[in-house]
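# An overview of the molecular structure
Next come the chains, spelled out residue by residue.
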Amino acid sequence: MTDEQNSQNEETENTLPEQSSTSEKFDINTVIQDALKVVTNPFGFYRGMPTSGGYTNPIIFVVVMALATALVGFVFNLIGLAKFNAAIGGAMTIGMLIFVPVFAVIGSFIGGAILYVIWKLMGSEKNFEAAYRCVAYTFAIGPIIAVISFIPYIAGIIKSLWGLFLLYVASLEVHKIKESTAKVVFGVLAAISVIWGISSERAARKWVNWAEEVENNFEAGTIGNAVKQLEDMEEMTPEEAGRKMGEFLKGMEQFSKGLEESVNEDSE
């Protein structure tokens with residue numbers, strides 16, 4: 001073996017650890033370090049991300065990030081900031097802390113399958129595992145988005161743009177997609193995602209406010225009072241019972257009109 005070949009082998013051995021920056025042996029410190037690197041240096045992370053080695057570590061990463069996101073939502077729920085949480089979809093309870101990571105894992109595989117097809121259409125030669133790993137590590141932004149999720153619309157927009165930016169970086173560094181192609185594809189996806197996200201959050205907020213208004217009207221309004229009075233109908237005289245029933249029907253009529261007006265306002 002020549003000196004030139006020896007030199008090439010040494011260079012190859014020296015560069016291997018840098019290309020495998022994501023450890024394949026699970027360690028919570030490694031998960032945290034990987035999350036920080038995704039957030040602070042996505043190009044470096046995806047450039048060194050292993051594209052094989054099994055699904056265990058990326059799945060664990062998704063679970064840890066989803067659990068951290070859910071914990072933030074749970075705390076926000078306790079202090080009254082989770083009326084509508086753009087990062088986790090609503091108020092968080094202790095029971096949901098179990099289901100959120102499960103839903104996240106399922107969602108990561110669905111997202112991986114969708115991106116696998118997109119990357120294949122863009123010319124990628126990588127397999128599904130590589131696509132899944134690219135998607136799985138985008139969950140690193142979840143806890144950060146959850147922290148600002150109480151800000152109307154802003155959190156949803158940042159989540160969409162940041163997540164798609166990470167997938168754009170993965171397109172370049174992992175799938176070796178042409179930069180111009182990646183910009184067009186993920187630019188279009190970003191525009192669609194932002195528009196859809198704003199529309200969805202607007203509709204969700206309207207329905208949350210409407211549901212609260214209905215509940216308050218029922219409990220404190222005419223219907224609520226009439227229902228409470230009807231509970232004692234057996235002890236009333238026929239005249240009193242007839243009068244209370246009339247009040248109840250009048251309350252129902254008012255409630256129906258208010259409900260119709262509210263629905264019409266939302267549809268406009």
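Anyway, here's the lowdown on the structure attached to this text. (Residues numbered from 1 in each chain as written. Predicted model: local features only at pLDDT ≥ 70, side-chain atom pairs only at ≥ 80, totals over all residues. Heavy atoms only, no water.)

### Observations regarding the overall build of the protein chain
Inclusion rule: Here a helix means four or more residues in a row that DSSP labels H or I, a strand means two or more in a row labelled E, and each is numbered from the N terminus. Each residue is assigned to one of three classes by its accessible area relative to the maximum for its type, calculated with a 1.4 Å probe on protein chains only: buried under 20%, partly exposed between the two thresholds, exposed over 50%. Note on contacts: a residue pair is in contact if any heavy atoms of the two residues lie within 4.5 Å. Using a 1.4 Å probe, the Shrake-Rupley method yields the accessible areas, and only the shown protein chains count as cover for residues.
When helices and strands are counted, the protein chain shows 11 helices and 0 strands. Listing every helix and strand of the protein chain by position from the N terminus yields α-α-α-α-α-α-α-α-α-α-α. The buried share among the 268 residues of the protein chain stands at 34%. If you take every contact in the protein chain between residues at least 6 apart in sequence, the share linking residues at least 24 apart comes to 71%. Element-wise, carbon and sulfur atoms account for 62% of the exposed surface of the protein chain, whose accessible area totals about 15,700 Å².

### Points about the pattern of salt bridges
Between side chains of opposite charge, a pair can form when the charged atoms approach closely. Spelled out, the test is: In the sections that follow, a salt bridge refers to a side-chain nitrogen of Lys or Arg positioned within 4 Å of a carboxyl oxygen of Asp or Glu.
A full pass over the atoms with the stated rule returns 3 salt bridges. Between Glu173 and Arg47 there is a salt bridge, and its shortest N-O distance comes to 3.2 Å. On the criterion of sequence distance, the pair formed by Glu173 in helix H8 (residues 154-173) and Arg47 in helix H3 (residues 42-48) is long-range, its members being 126 residues apart. The closest approach of N and O atoms between Glu129 and Arg133, which form a salt bridge, is 3.2 Å. With Glu129 and Arg133 both in helix H6 (residues 128-136) and 4 residues apart, the pair spans about one turn of that helix.

### Section: the nonpolar core
Applied cut-off: Put simply, buried Ala, Val, Leu, Ile, Met, Phe, Trp, Tyr and Cys residues joined by side-chain atoms within 4.5 Å make one nonpolar core.
Residues Tyr46, Trp119 and Phe186 are the most contacted members of the largest nonpolar core, which totals 31 residues. Counting residues per element, the ones that place at least two in this core are helix H2 (28-40), H3, helix H4 (56-78), helix H5 (96-122), H6, H8 and helix H9 (179-220). When residues in this core are grouped by element, the largest group, 8 residues, is from H8. Those residues in contact with Trp119, other than ones at most four positions away along the chain, are Ser124, Ala131, Cys134, Leu167, Ala170, Ser171, His175, Ile177 and Phe186.

### Regarding unusual backbone geometry
In this model, Lys176 sits at a positive phi of 55°, which is unusual for a non-glycine residue. Relative to the helices and strands, Lys176 is located in the loop between H8 and H9. According to the relative accessible area criterion, Lys176 is exposed, its value standing at 61%.

### Remarks on the side chain of Ser124
Position of Ser124 among the secondary structure elements: in the loop between H5 and H6. Beyond its immediate sequence surroundings of up to four residues, Ser124 is in contact with Trp119, His175 and Ile177.

### Some points on H2
For an α-helix the count is 3.6 residues per turn, leaving residues at separations of three or four pointing the same way. This is how the line gets drawn: Take the residue count of a helix, subtract one, and multiply by 1.5 Å to get its expected span. Each direction from the helix axis to a C-beta atom contributes to the arc, which is the arc of those directions.
The end-to-end C-alpha distance of H2 is 18 Å, a good match for the 18 Å that 13 residues give at a rise of 1.5 Å each. Within the span of H2, buried status applies to Thr30, Val31, Asp34, Ala35 and Val38. The arc enclosing the buried residues of H2, seen along the axis, measures out at 135°, which places them on a common side. Opposite the buried face of H2, at more than 90 degrees from it, the exposed residues are Gln33, Leu36 and Thr40. The elements touched by buried residues of H2 are H3, H4 and H8.

### Notes on the packing of aromatic side chains
Heads up, the rule is: Paired rings are identified among Phe, Tyr and Trp, the last through its six-membered ring, by centres lying within 6.5 Å, and are further divided according to the angle between planes into stacked (under 30 degrees), edge-to-face (over 60) and tilted (the rest).
For the structure on display, the rule yields 13 aromatic pairs. Taking the centre distance of 6.0 Å and the plane angle of 40° together, the rings of Tyr55 and Phe109 count as tilted. Pair noted here: Tyr55 is in the loop between H3 and H4 and Phe109 is in helix H5, with a separation of 54 residues, a long-range link. Classification of Tyr55 by relative accessible area gives partly exposed; the value is 30%. With relative accessibility at 29%, the residue Phe109 sits in the partly exposed group.

### Quick notes on the packing of H5 against H6
Rule in force here: Axis definition: a line fit to C-alpha positions, over the contact stretch in the case of helices; interaxial angles, taken between N-to-C directions, run 0 to 180 degrees. Under this scheme an angle from 65 to 115 degrees is roughly perpendicular, one under 35 degrees roughly parallel, and one over 145 degrees roughly antiparallel; angles in between are oblique. It is the rotation of the near helix from the far one that decides the hand of a crossing: anticlockwise by less than a right angle makes it left-handed, clockwise makes it right-handed. Amino acids are sorted into nonpolar (Ala, Val, Leu, Ile, Met, Phe, Trp, Tyr, Cys and Pro), charged (Asp, Glu, Lys and Arg) and polar (every other residue, Gly among them).
Look at H5 against H6: their axes get within 8 Å of each other, and the N-to-C directions meet at 120°. When the axes of H5 and H6 are compared, the pair comes out oblique. Crossing handedness for the pair H5 and H6: right-handed. Of the residues in H6, those touching H5 at Ser108, Phe109, Gly111, Gly112, Ala113, Leu115, Tyr116 and Trp119 are Phe128, Ala131, Tyr132, Cys134 and Val135. Looking at the contact of H5 with H6, its residues break down into 10 nonpolar, 3 polar and no charged.

So, to be careful, I would describe these as geometric facts and stop short of saying anything about function.
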